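One letter stands for each residue in the lines below.
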Amino acid sequence: MKGEVAILGAAARVGASVAADLESEVRSVVLDSLASSKLDLDDIDAVVTVASDTLDGVMVPIRAEVAGAFGKMPLNIPSSAGHALAAAVVLLESGQARHVLLAGWGAASKLAHHDSRSIQADPFHDRPAGAVPAQVAALQASELLDEFPDLPPHGITFADGAVALVLGSSEGHDAAVRIADAGTSSRGYYPEDDKVDPLRWVNEAMAKWRQQPAKPQVAVSGPGRTAEARAATAFTDATPSGPALLPSGSEAWFGPATALFQAFQLHQQLSRTGGEGVLIDMAGPMGQHVTCVRLAGGAA
Amino acid sequence: MTVPCVLGVAQFPMRTRLPDYTYADLLGRIAYQAVEDSGVDPGDLDGLILSLPPTTTLGVDEAQYWGLAHLPGSRHVLGRVHAAAASGLQAFRLACAWVSAGRARRVLVVGADLADEVANLAGALGQLHDPFTERQVVRNAITSAAVQASAYMAAHKVTSLELASVVVKNRGNGVRNQYAQLRQAVTGQEVADSPLLSWPIRRLDCAPRSSGAAAILVGAEGTGRGGRRTVRAAGFGAFAGARMIGSRMVPGAQSYLDGADLAAAAAQAYAVAGIRDPRTEIGCAELYAAFGIIELLSIEALGLCPKGEAARRIADGEFHADAALPVNPSGGATCGNPLASTGLIRVIEATLQLWGEAGEKQVELRQPTVLVTAIAGAFQSHEVGVLAA
Amino acid sequence: MNKTTAGHDAESGDFNFVEGEWEVHQRYVPSRALVEFFGGLKRKEILGSPVEGTGRIIVPPQDFCELSYRPTGPLVPVGPGGTIRSFTIVHSRFANGPPPPVTMVFVQFDGADTASPGYLQGTALQPGTELELIGARCRAVFVDAPQGDWRDFWFELETEV
């Protein structure tokens, strides 16, 4: 692939509750993202999806046609938007695909009535002690607030959402927002080193970047507002009330694909203003599967 | 671009039950075995990918956070891949993309299954089907394969006994596979006499329910231990199929019955790998087939023999372990089918053949190229890979 | 509700298993096209979706074509006759199925470009003649009071095979 990987088009629909017609929302964002990239579905040769079978109630890889995947090379990565975005990048850079459609969705508003995620914990040690993602995240937030009392209180709002990004080579797309770098860092369900500070993981994920960003726009998605704010302190201008921090994932969390909405927001912002952006996706009960992506370019 | 190669492999003996292990135990064991096989230091990995289809059998949702602590590469989890029974091959393809792109030097792909922790798979597989139009009839994996078998028999005038030839071949191969769950040969008559599940599919046509584990370390050429032939991923193809299988069984659009979608995926893989005539350029194939009919359709769709002839050719000795182009010399999924691991096991068996380390299963490779496949759902989505030495 | 309780083996007293349950309530919402289709079933009609720009008719109906990704238009009648494209005779008792043996068929309704699953009733197949079902003509037969559910109809052969 010549050039760098770039986001050629993007679309998103995130709301309090659209679960009744989520398939239509997914199709809408796919078509809108294609339109904004000036490509057709025929130009797409790989479709990467991020969605949870449990939230959908249907096995996602068998219903990827909802994202236009019929006849395409599929890749289903339900673990996180960051993993899926990084996967899309390497599909392009390795030559497995020329244009990738990355689609993610989730109807997490149903979790507001009954949080079924209690089945996510180890059944031998954790579940008998009452471990559920909400509790694990609250414990992490409590520890962070003890040490950093200026962080915002913990909280997360469930929503429904669908996002689609079209990715391809930046060649011929001078104003496209490029994916300049990506890095990961992860820990076990309970971090092996007993340290729950997400800032540590974010710094690890960015450690091998070819270039550290200067004054980027920052968008974070994580297990709650406290952890997100802490992660964002990796960038001094990214304070909760500052202009550098875009609305975070916990304000409208719709499952593992949530950070695609943060990617969409960064794309929109950088397309208008240029400059650099950083996407921080922290997936898991404590956000312990971290992907950081540096974006650059857009309008001069 | 870096050429992705297989540096190390490991697989766990397949059994119905593995009561002495938790999912986390299996992951840990198999991960370290694969890394040890590669000769690479476990601290020298920069990526971990999980092959992890529906986890209802484990009783843990989003199990990608369970059991990862201290696994090689676990400081850089690159994702969980879920493509039903195709997860392993799709995860391997992703690992190869990471290495090929130069963004990771060594990526471990690991999968583990405990299949007997629920009473039956109805709940696990129930999410495969449309809740409004398919759950009202018994459209499941067995009946879906039976529908294919009926159409095949009618189209090509094949008898049940001829259809059974593929199972006889695989079960005979499984005797020589130390990892296989089923290691007893069967005759065509025994297959034909086994309980009828859904005409014409009989019990011995079906893969068993299996627990197991498998892992593959992918890396750049020359970064593993010396002394082995370099086995590289030469090409991949994939085709996401239709959810409603009925849309693909009508005249003019019957890939569900004739494998046209699989043929399209194979064409991609062949083009990348530079294969023009698979019949003469492929040395061996490890094809995913949870039912005998799937293997027959696959052999034909992959261009290894003309349509309608696979069953009779197998009955005549073609595609057996001592033939010019052996198919499933490991016994295939017929002899063991742990869902997270099965796609990885196809790659592992292919690699062992190319390394000359397949032991009693070793075939004489006419060409140093092995074809692997994996399927998601009921012959719906297809992954194809070509490995070459 | 999800619950997990620890257990001990009654004989040995060793801790060796954990009981658990996994319940995730789902409320599936049908598409616009399916709602209309189920309305048609109540009237003993079979309806299909025409795909914009292609002339392809899909049964069961969908709001968009999974193959071309194009939207579909107002539903049109298909059937009730059709052709059996394939079948199986189910001999096992599955969780969501009727007592065996039961014949499941995939029928392409007249006017449709897809095949749909259902049960064949009223036919006693002689061993050795099963394959004659493929290509056989059949028609949908409705229950007396359809509820707007896929189980409102079954298939019967137009002539014996």
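Report on the accompanying structure. Worth saying up front: this structure is predicted, and the values here are computed from it rather than measured.

**Thoughts on the overall build of chain A**
- Counting its regular elements, chain A contains seven helices and nine strands.
- Taken over C-alpha atoms, the radius of gyration comes to 18 Å for chain A, in line with the 19 Å a tight globule of 300 residues would show.
- Counting only C-alpha atoms, chain A reaches 50 × 45 × 30 Å along its principal axes.
- Put simply, chain A has 300 residues, and 67% of those count as buried.
- When contacts within chain A are restricted to residue pairs at least 6 apart in sequence, those whose partners lie at least 24 apart make up 77%.
- Total accessible area on chain A is roughly 9900 Å²; 51% of this is exposed by carbon and sulfur atoms.

**Let's talk about the interface of chain B and chain A**
- With 51 residues of chain B at the interface, the matching set in chain A holds 55 residues.
- Summed over both partners, the interface of chain B with chain A buries about 4700 Å², with 56% contributed by carbon and sulfur atoms.
- Counting across the interface, chain B meets chain A through four salt bridges.
- When the shortest N-O distance is used, the salt bridge between Glu23(A) and Arg243(B) registers 3.4 Å.
- Secondary structure elements with two or more residues in the side of chain B that touches chain A: strand S3 (77–81), helix H2 (87–100), strand S8 (232–239) and strand S11 (381–388) of chain B.
- Take the side of chain B that touches chain A: its biggest share by element is six residues, from H2(B).

**Describing the interface of chain C and chain B**
- With 38 residues of chain C in contact, the opposing surface of chain B contributes 37 residues.
- Buried surface at the junction of chain C and chain B, both sides included, amounts to about 3300 Å², of which 70% is carbon and sulfur.
- Where chain C touches chain B, the interface holds zero salt bridges.
- Joining chain C to chain B, the criterion identifies twelve residue pairs in polar contact (both at pLDDT 80 or more).
- Broken down by element, the side of chain C that touches chain B gets its largest block of residues, six residues, from strand S6 (residues 81–90) of chain C.

**What to know about the packing of helix H4 (residues 133–147) of chain A against helix H6 (residues 225–232) of chain A**
All names here are of chain A.
- Between H4 and H6, the shortest axis-to-axis distance is 8 Å and the interhelical angle comes to 50°. Judged by the inter-axis angle, H4 sits oblique to H6. Handedness of the crossing formed by H4 with H6: left-handed. Only Thr 226, Ala 227 and Arg 230 of H6 make contact with H4, whose side of the interface consists of Gln 140, Ala 141, Leu 144 and Leu 145.
- Looking at side-chain class alone, the contact of H4 with H6 contains four nonpolar, two polar and one charged residues.

**Focus: the sheet that holds strand S2 (residues 46–50) of chain A**
Residues and elements named next belong to chain A.
- Reading across the sheet, the nine strands line up as S3-S2-S4-S5-S1-S6-S9-S8-S7 and stay open at both edges, with mixed pairing between neighbours. Two strands bound the open sheet, and with one partner strand each, they are strand S3 (73–76) and strand S7 (217–221). Neighbour-to-neighbour, the strand axes of this sheet turn through a mean angle of 20°, independent of strand direction.

**Here we look at unusual backbone geometry**
- The omega torsion across Gly79(C) and Pro80(C) is 0°, close enough to zero to call that bond cis.
- Its place among the elements puts Pro80(C) in the loop between strand S5 (76–78) and S6.
- Pro100(C) connects to Pro101(C) through a cis peptide bond whose omega is 0°.
- Along the chain, Pro101(C) turns up in the loop between S6 and strand S7 (102–109).
- The phi torsion at Lys215(A) lies on the positive side, around 50°, for a residue other than glycine.
- Its location among the elements puts Lys215(A) in the loop between helix H5 (198–206) and S7.
- The phi torsion at His70(B) lies on the positive side, around 75°, for a residue other than glycine.
- On the secondary structure map, His70(B) appears in the loop between strand S2 (48–51) and S3.

Here is what the cut-offs are and how they apply
- Residues numbered from 1 in each chain as written.
- Chains lettered and ligands numbered in written order.
- Predicted model: local features only at pLDDT ≥ 70, side-chain atom pairs only at ≥ 80, totals over all residues.
- Heavy atoms only, no water.
- Helix = DSSP H or I, 4+ residues; strand = E, 2+ residues; numbered from the N terminus.
- Rg over C-alpha atoms; globule rule 2.2 N^0.38 Å.
- Buried < 20%, exposed > 50% of the residue type's maximum accessible area, 1.4 Å probe, protein only.
- Contact = heavy atoms within 4.5 Å.
- Areas by Shrake-Rupley, 256 points an atom, 1.4 Å probe, with all protein chains shown as cover.
- Buried area = accessible area lost by both parts, 1.4 Å probe.
- Salt bridge = Lys/Arg side-chain N within 4 Å of Asp/Glu carboxyl O.
- Polar contact = N/O pair within 3.5 Å; in protein donor to acceptor, adjacent residues only side chain to side chain.
- Axes fitted to C-alpha atoms, helices over the stretch in contact; angles between N-to-C directions.
- Parallel < 35°, antiparallel > 145°, perpendicular 65-115°, else oblique.
- Left-handed = near helix turned anticlockwise from the far one by under 90°.
- Nonpolar A, V, L, I, M, F, W, Y, C, P; charged D, E, K, R; others polar.
- Pairing = 2+ DSSP bridges.

Bear in mind that shape data such as this cannot, by itself, settle questions of function.
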